[in-house]
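Results of the structural survey
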Amino acid sequence: MPIPVILDCDPGHDDAFNILLAAAHPAIELLAITTVAGNQTLEKTTLNARRVCAVAGIRGVPIAAGRERPLHGPIRVAENIHGTSGLDGPGFGESEPEVPQDPRDALTVMRETLLASPAPVTLVPTGPLTNIAVLLLAHPELASRIERIVLMGGSTERGNTTPAAEFNILCDPEAADIVFRSGLPVTMFGLNATHQVRATPEVVARIAGLGTPLSGLCVDLLTYFASTYREVYGFDAPPLHDPLTVAHLINPSLVSLVRAAVTVELTGTHTRGATVVDLHGVTGRPAVTEVGMEVDTDGFWELIVEAVRVLGSR
Ligand code: RIB
Ligand code: CA
């Protein structure tokens, strides 16, 4: 049976590929897409989710906007990585995407989707965790309808936005704290794992070789993403963080997992937003979170290239 999934995202170049993967693979039933402020403002991340679905021919999946700011603290964007639009690179034009925005807000769509699903739903957040935290706070009665939370965020090592904190967690540490302490099954794919899946020129060439308008757009996305990751971080190729979440759902053997206690730092002067991952059990805290570690990178890229091929050939 396909896994029922809600993507909660901030497109964002890597979020865009996660949408493609979820829509393309038969192991996933993409029930809804909700958006959150993160890589860019909520208005831009929502428009970008619509753009991705429009160009990929993804129809019938509600796209609803969520929170425009974190529970606490300032709004933060990643314009230096994703550009002014949040999805710089391709020319999407100025016209409205033909895929509409759902008139309901994200909380309503998540609630109604959870209630309507015959099976518990897997939540896949790949942006700041504000929408997920709001859902858990507003509707604790829906916890039984949530199978698990598979998120991109944090790191077992260093951050990427401060030396200690990864972007998604730093954008809303209080929301992340609520999610990690929710008691729901949480699987975390942090930078320690996602930095293993870099879109090398060889991968980009494989996608270009598909020769479809969608593959061309994906090449433009990756080319831009590579330019900013080179400029900002000196990376030889950009890490495609977010699709590690859906790839794990499709093939659980793709990434090795360990169980650890994960705590979000909320008050550290220099460490706010850090995920403190107790890999050796020294804190005595319960090791309830699954943490992604080693990635089968060939297997990952096979899934990504196939998703672009499938959607581009429809
Ligand atoms: O730190 C990387 C994460 O932050 C990714 O999800 C990227 O899309 C941004 O949201
Ligand atoms: Ca993201």
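Owing to the predicted nature of the structure, the values given are computational and were not obtained by experimental measurement.

**Examining the overall build of the protein**
If you tally the helices and strands in the protein, you get twelve helices and nine strands. Since a compact globule built from 314 residues should have a radius of gyration of about 20 Å, the 18 Å found for the protein is in line with a globular shape. Reported as C-alpha extents along the three principal axes, the dimensions of the protein are approximately 55 × 45 × 40 Å. Out of the 314 residues in the protein, the part that is buried amounts to 58%. Taking all contacts inside the protein whose residues are at least 6 apart in sequence as the whole, residues at least 24 apart take part in 82%. Within the structure as shown, the protein displays about 12500 Å² of accessible surface, and the carbon and sulfur contribution to it stands at 53%. Considering the protein, the positive charge centre built from 21 side chains and the negative charge centre built from 35 side chains are found 3 Å apart.

**A look at the sheet that holds strand β7 (residues 255-264)**
Strand order in the open sheet formed by nine strands is β3-β2-β1-β4-β5-β6-β9-β7-β8, and the pairing between neighbours is mixed. Either end of the sheet is taken by a strand with one partner, and the two such strands are β3 (63-65) and β8 (275-278). The average undirected angle you get between the axes of adjacent strands in this sheet is 30°. Bridge count between strand β5 (residues 146-152) and strand β6 (residues 186-189): four bridges; the pairing is parallel. Following the sheet pairing, Val-150 is matched in β6 by Thr-187. Where helix α11 (residues 243-250) meets the sheet, its contacts fall on β1 (3-9), β2 (28-35), β4 (121-125), β5, β6, β7 and β9 (289-295), and the angle it forms with β5 comes to roughly 135°.

**Details of the coordination of the calcium ion (ligand 2)**
The calcium ion (ligand 2) binds to the protein through Asp-10 (OD), Asp-15 (OD), Asp-15 (OD), Thr-126 (O) and Asp-242 (OD), with metal-donor distances spanning 2.2 to 2.6 Å. The sequence motif formed by the donor residues of the calcium ion (ligand 2) is D-x4-D-x110-T-x115-D. Taken together, the residues span a long stretch of sequence, with Asp-15 in helix α1 (residues 13-24) and Thr-126 in the loop between β4 and α5 (130-138) at a distance of 111 residues. Residue classification places Asp-15 among the buried positions, given a relative accessible area of 1%. A relative accessible area of 3% means that Thr-126 is categorised as buried.

**As for the UniProt feature "domain: Inosine/uridine-preferring nucleoside hydrolase" (unreviewed entry) in the protein**
On the UniProt side, "domain: Inosine/uridine-preferring nucleoside hydrolase" (unreviewed entry) is annotated at positions that read residues 5-302 here. The distance from the first to the last C-alpha atom of residues 5-302 is 21 Å, and the span holds 37% helix and 18% strand.

**With respect to the pairing of β5**
By the criterion of burial, β5 is predominantly enclosed, with six of the seven residues buried. Handedness of the crossover joining β4 and β5 through α5 is recorded here as right-handed.

**Describing the site of ligand 1**
Residues in close proximity to ligand 1 include Asp-10, Asp-14, Asp-15, Asn-39, Thr-126, Met-152, Asn-160, Glu-166, Phe-167, Asn-168, His-241 and Asp-242, which together make up its full environment. Asp-14 has a polar side-chain atom sitting 2.7 Å from an oxygen atom of ligand 1. At a separation of 2.6 Å, an oxygen atom of ligand 1 approaches a polar side-chain atom of Asp-242. Taking 280 Å² as the accessible area of ligand 1 by itself, protein coverage stands at 97%. Elements supplying a minimum of two residues to the shell around ligand 1: α1 and α6 (167-171).

**Some remarks on α5**
Structural remark: α-helix, 3.6 residues per turn; residues separated by three or four positions point the same way. Of all nine residues that make up α5, seven are buried, and the element is covered over most of its length. Within the sequence span of α5, burial applies to Thr-130, Asn-131, Ile-132, Ala-133, Val-134, Leu-135 and Leu-136. Residues of α5 that are buried in the fold lie against β1, β2, α4 (106-116), β4, β5 and α7 (173-180).

**Side note on the pattern of salt bridges**
Taken as a whole and judged by the stated rule, the model has eleven salt bridges. The residue Arg-59 makes a salt bridge to Glu-98 at a minimum N-O spacing of 2.3 Å. Here Glu-98 lies in the loop between α3 (79-82) and α4 and Arg-59 lies in the loop between α2 (42-56) and β3, a separation of 39 residues in the sequence. With a relative accessible area of 42%, Arg-59 lands in the partly exposed category. Take Glu-98: its relative accessible area is 62%, and that puts it in the exposed class. Notably, a salt bridge pairs Glu-112 with Arg-104, separated by 2.6 Å at the nearest N-O pair. Given the relative accessible area of 34%, Glu-112 is considered partly exposed. Through salt bridges with shared partners, one network takes in Asp-102, Arg-104 and Glu-112.

Rules of the game
Residues numbered from 1 in each chain as written. Chains lettered and ligands numbered in written order. Predicted model: local features only at pLDDT ≥ 70, side-chain atom pairs only at ≥ 80, totals over all residues. Heavy atoms only, no water. Helix = DSSP H or I, 4+ residues; strand = E, 2+ residues; numbered from the N terminus. Rg over C-alpha atoms; globule rule 2.2 N^0.38 Å. Buried < 20%, exposed > 50% of the residue type's maximum accessible area, 1.4 Å probe, protein only. Contact = heavy atoms within 4.5 Å. Areas by Shrake-Rupley, 256 points an atom, 1.4 Å probe, with all protein chains shown as cover. Lys, Arg positive; Asp, Glu negative; His and termini not counted. Charge placed at Lys NZ, Arg CZ, Asp CG, Glu CD. Pairing = 2+ DSSP bridges. Axes fitted to C-alpha atoms, helices over the stretch in contact; angles between N-to-C directions. Donors = N, O, S within 2.8 Å, 3.2 Å for Na, K, Ca; no water. UniProt positions renumbered as here; feature names shortened; annotations may be inferred. Right-handed = clockwise from strand over helix to strand, strands pointing away. Near = heavy atom within 4 Å. Polar contact = N/O pair within 3.5 Å; in protein donor to acceptor, adjacent residues only side chain to side chain. Salt bridge = Lys/Arg side-chain N within 4 Å of Asp/Glu carboxyl O.

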